[in-house]
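Spelled out from the first residue to the last, the chains are:
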Amino acid sequence: MIKITVGISKEHIAVKCVGHANYNICGEDIVCSAISTLLQTLCYSLEELTPNKINTSLEKGEGYIGIYHPTCKAITLVKGFMIGCREISNRYPDYVQLEIKE
């Protein structure tokens, strides 16, 4: 199961994704692929579209994005990521768990 935790406030945002969906074999797992794509897109969008300094770690099976003093644009991008993850979690609840801490 992929466990996604998002902590979001005006002072700090932390996004953590841990685990594998195990929906299908490696290389053919559409659930892992979807979450990975959302996380990588969030990371690159934050880097290219905001002035925020971000801390990232994108490893196989574990990803982290941290933002201190996020701009409004950064918060909007993270909320878009959360919407995408929520919809995947709703469709594949046995494979993705989303926890939001506001």
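Our subject in this report is the structure included herewith. Only a predicted model underlies this, so the values are computations on that prediction, with no experimental measurement involved. (Residues numbered from 1 in each chain as written. Predicted model: local features only at pLDDT ≥ 70, side-chain atom pairs only at ≥ 80, totals over all residues. Heavy atoms only, no water.)

### A word on the environment of Asp29
- Mapped onto the secondary structure, Asp29 falls in the loop between strand 2 (12-18) and helix 1 (30-49).
- Separated by 13 residues in the primary sequence, Asp29 and Lys16 have C-alpha atoms spaced 20 Å apart. (Helix = DSSP H or I, 4+ residues; strand = E, 2+ residues; numbered from the N terminus.)

### Section: the pairing of strand 4 (residues 62-68)
- With seven bridges connecting them, strand 2 and strand 4 associate as antiparallel partners. When the sheet's bridge partners are listed, Cys17 is paired in strand 4 with Gly63.
- In terms of strand pairing, strand 3 (residues 54-59) meets strand 4 through six bridges, oriented antiparallel. Following the sheet pairing, Thr56 is matched in strand 4 by Ile65.
- If you look at the hairpin formed by strand 3 and strand 4, you'll find two residues sitting between the two strands, and Gly61 has a positive phi there, around 85°. (Pairing = 2+ DSSP bridges.)

### Regarding helix 1
- The end-to-end C-alpha distance of helix 1, which contains 20 residues, comes to 27 Å, matching closely the 28 Å that a straight helix rising 1.5 Å per residue would cover.
- Taken as a whole, helix 1 has its buried residues at Val31, Cys32, Ile35, Leu39, Leu42, Cys43, Ser45 and Leu46.
- N-cap assignment for helix 1: the residue whose side-chain oxygen lies 3.1 Å from the backbone N of Val31 is Asp29. (Expected span 1.5 Å × (residues − 1). Buried < 20%, exposed > 50% of the residue type's maximum accessible area, 1.4 Å probe, protein only. Polar contact = N/O pair within 3.5 Å; in protein donor to acceptor, adjacent residues only side chain to side chain.)

### Thoughts on the environment of Val6
- Relative to the elements of secondary structure, Val6 occurs in strand 1 (residues 2-8).
- Between the alpha carbons of Val6 and Ile100 there is a distance of 4.9 Å; along the sequence they are 94 residues apart.
- Those residues in contact with Val6 that lie beyond four places of it in its chain are Ala14, Val15, Val78, Phe81, Met82, Leu98, Glu99, Ile100 and Lys101. (Contact = heavy atoms within 4.5 Å.)

### Focus: unusual backbone geometry
- The backbone of Asn22 shows a phi angle near 60°, a positive value even though the residue is not glycine.
- Note that Asn22 resides in the loop between strand 2 and helix 1.
- Notably, His69 is not glycine yet its phi reads approximately 50°, a positive angle.
- Here His69 is to be found in the loop between strand 4 and helix 2 (72-91).
- For His69, a relative accessible area of 56% puts it in the exposed group.

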